[in-house]
Amino acid sequence: MNAFDDMLAALSSIYADAAILAAPRTAHVVADGHTVLSRRAAPGVELKVVESPEGLVMELVVAEGARIENPIHSCIGFLRPRAVQRLKIRVRIEPGACATVLAHCLFPNAEAGQHVMDAAIEIGSGAELKYSEGHYHGELGGMEVRPKLSVWIRPGGKYFSDFSLTTGRVGRLAIAQRVEVACDAVAEITARVFARGSDEVRIQDELVLAGRASRGLIKTRVALADDARAAVVGITHGNAEGARGHMDCLELIRDRAAARAEPIVAVSHPLAKVTHEAAVGTVDQEQLETLRAHGLSPEQAIDVIVTGILR
Amino acid sequence: MSLLEIVQLVFRANGRAILDGVDLDVAAGEIHALLGANGAGKTTVARIVMGCSGYAPTAGSVRLEGRDLAGLPMHERARLGITMAWQEPARFEGLPVNEYLSLGCRSPDPAGCLRLVGLAPEAYLERVLDKKLSGGERKRIELASVVALKPRLAILDEPAAGIDVPSMEEIEQLILALKREGSAVLLITHVEPVAKIADRASCLCGGRITFTGDPATAAERYRSRHCVTCDGVACAE
């Protein structure tokens, strides 16, 4: 098998949908380290990738008014046990356009690897982007992953992002995302992570509700086992009339794991409102007992609860 | 032999006797209503029988077909055939109804159990048991899950709570369906009309069983509100 087949095999083993990349109207990019293995644009989707030893530079543009039916796939990672991958990504969803991006970040054999991403995303007026990023870091806990995203949502735009790392080990993860939301625009940011062993997780999401009637939600679900550590910082600024924000953080811990949640609310307009809820602790006793009354052992019941919150 | 036998059950919490010598038995296939005012200790009886955390009896015994359940963990009790529908059903983020019904399911048709509680399976199986479902809907799903478990003893804690009055008959039909399927039911309620479908009923007051017999008499005693203020003393006389 060549590197492309290996990458697709890794994708199939985690997501079981690699065949979708072969569809003719599906834009995609597949890269191993700093080498592009496959790339395809599609009507309404411009996709450029520049290779260099320092990293990959990707630019994705969805044309004004284009409604892209098939999700755009990005399958990026590396198959070697030790490697560094640097990505610079620029995404522009032009006014009135609508697209879904499914990013698969795969490091199935990582013993000591690093993945650093710097993304800038602009969502034009009335445009919509659904961005789903799924990670698999293998079973050894040797990855360090640092995604940094800056997102601007123009008036009436919509942005829905969903980061998930729920299979295998995490290693060290540090997400930093800042989203600026203009008037009548919407942002919903979700992150789901299951960390175990000596994994370390840091998630910092910041929402700036800058425009009138802008709305935003930060939702974080983290489950921790063994000696894993997590710190979740959610920051929401309510800076305009009618801005509405909410932060919802749930961290479940077991064994010797430890977690921290820091919701920060900053409101500078009297007609803006930002709320938050954060819960850190072990699984809910009522849930546990309900499942045990079905004959599930405590361990089985916890698995059901954790699987649910990470969906 | 009774299916469930509770003998001289005492439960104290924070220096106060919640249960003070409860004797109660439930026969196989019987619907046995346990009537009592708010705070009488009905749910405490249920939690002790189910083996909930923090509800080990201070004294007395709970037996299932003669087997003492002391020290047996909750899930082991469930595997022996005891289950419980809670007064306030838990919410589960991300858990669809069809998966919930499949947990421990012994019924060949778990979806059909939803019909028994007046819910259309096609409208509910894919929904998630979270806060988007109303309390009444979650209550019905909880009761459907009890039917799917085909228990030997189903403890139903206030099954009518949160159910609208026109739907009350569906809940009664569900309880009768459990009996038809061979389950015994310990029906805990403070709403005495619900108890009318029981084979027998007991009144709990002041931490003791003050009456066991036909449901109509139990309901009459309960309706008189006599025992609400007597702390069980007058009822026990």
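Refer to the structure presented above.
Thresholds, definitions, all that
- Residues numbered from 1 in each chain as written.
- Chains lettered and ligands numbered in written order.
- Predicted model: local features only at pLDDT ≥ 70, side-chain atom pairs only at ≥ 80, totals over all residues.
- Buried ≥ 20, exposed ≤ 12 C-beta atoms within 10 Å, placed from the backbone.
- Helix = DSSP H or I, 4+ residues; strand = E, 2+ residues; numbered from the N terminus.
- Core = buried A, V, L, I, M, F, W, Y, C linked by C-beta atoms within 7 Å.
- Contact = placed C-beta atoms within 7 Å.
- Pairing = 2+ DSSP bridges.

1. What to know about helix 1 (residues 42-50) of chain B
Residues and elements named next belong to chain B.
Then, number 1: The element helix 1 is extensively covered by neighbouring structure, given that 9 of its 9 residues are classed as buried.
Then, number 2: What helix 1 keeps buried is the set Lys42, Thr43, Thr44, Val45, Ala46, Arg47, Ile48, Val49 and Met50.
Then, number 3: The first or second residue beyond helix 1 is Gly51, which carries a positive phi of 85 degrees.

2. Quick look at the nonpolar core
Then, number 1: Within the largest apolar cluster, 172 residues are counted, with the highest numbers of intra-cluster contacts made by Ile153 and Leu224 of chain A together with Ile155 and Leu187 of chain B.
Then, number 2: With 7 residues, helix 6 (residues 135-149) of chain B is the single largest residue contributor to this core.
Then, number 3: If sequence neighbours within four positions are ignored, Ile155 of chain B has contacts with Ala46, Val49, Met50, Met84, Leu186 and Ile188 of chain B.

3. A word on the pairing of strand 9 (residues 200-205) of chain B
Residue and element names in this part refer to chain B.
Then, number 1: Judged by how many residues are buried, strand 9 sits mostly within the fold: 5 of 6 residues are covered.
Then, number 2: Judged from the 4 bridges that link them, strand 3 (residues 31-35) and strand 9 form a sheet pairing that is parallel. In the strand pairing of strand 9, Leu35 is matched with Cys203.
Then, number 3: Pairing of strand 9 with strand 10 (residues 208-213), which is carried by 5 bridges, proceeds in the antiparallel orientation. Across the sheet, Leu204 pairs through a bridge with Ile209, a residue of strand 10.
Then, number 4: Linkage of strand 9 to strand 10, two consecutive antiparallel strands, is achieved through a turn of 2 residues, within which Gly206 is found at a positive phi near 60 degrees.

4. What to know about the environment of Pro110 of chain B
Residues and elements named next belong to chain B.
Then, number 1: Its location among the elements puts Pro110 in helix 4 (residues 110-116).
Then, number 2: Residues Pro110 and Val146, 36 residues apart in the sequence, show an inter-C-alpha distance of 10.0 Å.
Then, number 3: Setting aside chain neighbours within four positions, we find Pro110 in contact with Leu101, Ser102, Cys105 and Ala148.

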